[in-house]
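Listed here are the chains, written in short residue letters.
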Amino acid sequence: MRIPTILRTYTSGAAEVSGDGGTLREVLQKLDVDYPGIGGRILDETGKIRRFVNVYVGEEDVRFTEGLDTPTPGGSQISVIPAVAGG
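Being a predicted model, the structure only gives us computed values, none of them experimental.

Asker: Quick question: what am I supposed to make of the sheet that holds strand β2 (residues 60–61) here?
Answerer: As a general point, the strands of a sheet are linked pairwise by backbone hydrogen bonds and lie either parallel or antiparallel. Taken in spatial order, the three strands line up as β2-β1-β3 in an open sheet, and their pairing is antiparallel. Both outer strands of the open sheet, β2 and β3 (78–82), are each paired with one neighbouring strand and no more. One ladder, built from five bridges, connects strand β1 (residues 53–57) with β3; its direction is antiparallel. When the sheet's bridge partners are listed, N54 is paired in β3 with I81.

In structure tokens:
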């Protein structure tokens, strides 16, 4: 799983960490167990992906697939990307 710079304080600076689970939800739950607090930066209080966070499994934005129920077969690359605003 690729971790953006802004969240690397939770992973001791690691840009990539491994995660286990059959779905994105399971991977994120395990990630929060291994790196306490990181889950709250990706998911909101209702358990949904935060509005300004994009999550990809492979090349697919999970908002346009199955969301947190998106399958994550072994070897899947998961990327967490904060949205960038500008003007």
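Asker: Looking at this structure, I do not really get the layout of surface pockets. What am I missing?
Answerer: The probe, sized like a water molecule, is rolled over the atoms to show the empty space still left. In this structure, the largest pocket spans a volume of roughly 170 Å³. Taken together, I6, L7, G40, R41, R50, F52, V53, V80 and P82 make up the lining of the largest pocket. Looking at the lining of the largest pocket, the elements that each hand over two or more residues are α2 (39–42) and β3. Per-class residue counts for the lining of the largest pocket are six nonpolar, one polar and two charged.

Asker: Please clarify how helix α1 (residues 24–34) should be interpreted in this entry.
Answerer: Residues spaced three or four apart along an α-helix face the same direction, because each turn holds 3.6 residues. Within the sequence span of α1, burial applies to L24, V27, L28 and L31. Taken end-on, α1 shows its buried residues confined to a sector of 95°, consistent with a single buried face. Set apart from the buried face of α1 by more than 90 degrees, the exposed residues are Q29 and V33. If you follow the buried residues of α1, they end up packed against α2, β1 and β3.

Asker: Can you walk me through the nonpolar core in this structure?
Answerer: Taken as a class, soluble globular proteins show a tendency for nonpolar side chains to be buried jointly. Core analysis: the biggest nonpolar cluster contains 18 residues, and M1, L24, I42 and V55 have the highest contact counts within it. When residues of this core are traced back to their parent elements, those giving at least two are α1, β1 and β3. Broken down by element, this core gets its largest block of residues, four residues, from α1. Leave out the neighbours within four places in its chain, and V55 touches L24, I42, I49, E60, D61, V62, I78 and S79.

The rules behind the values
- Residues numbered from 1 in each chain as written.
- Predicted model: local features only at pLDDT ≥ 70, side-chain atom pairs only at ≥ 80, totals over all residues.
- Heavy atoms only, no water.
- Pairing = 2+ DSSP bridges.
- Helix = DSSP H or I, 4+ residues; strand = E, 2+ residues; numbered from the N terminus.
- 1 Å grid on protein atoms, 1.4 Å probe; cavity = no way out; pocket = protein on both sides within 12 Å on 5 of 7 lines; lining within 4 Å.
- Points joined across faces, edges and corners; volume = space filled by probe spheres on them.
- Nonpolar A, V, L, I, M, F, W, Y, C, P; charged D, E, K, R; others polar.
- Buried < 20%, exposed > 50% of the residue type's maximum accessible area, 1.4 Å probe, protein only.
- Arc of directions from axis to C-beta.
- Contact = heavy atoms within 4.5 Å.
- Core = buried A, V, L, I, M, F, W, Y, C linked by side-chain atoms within 4.5 Å.

So yeah, pure geometry; function would need other evidence.
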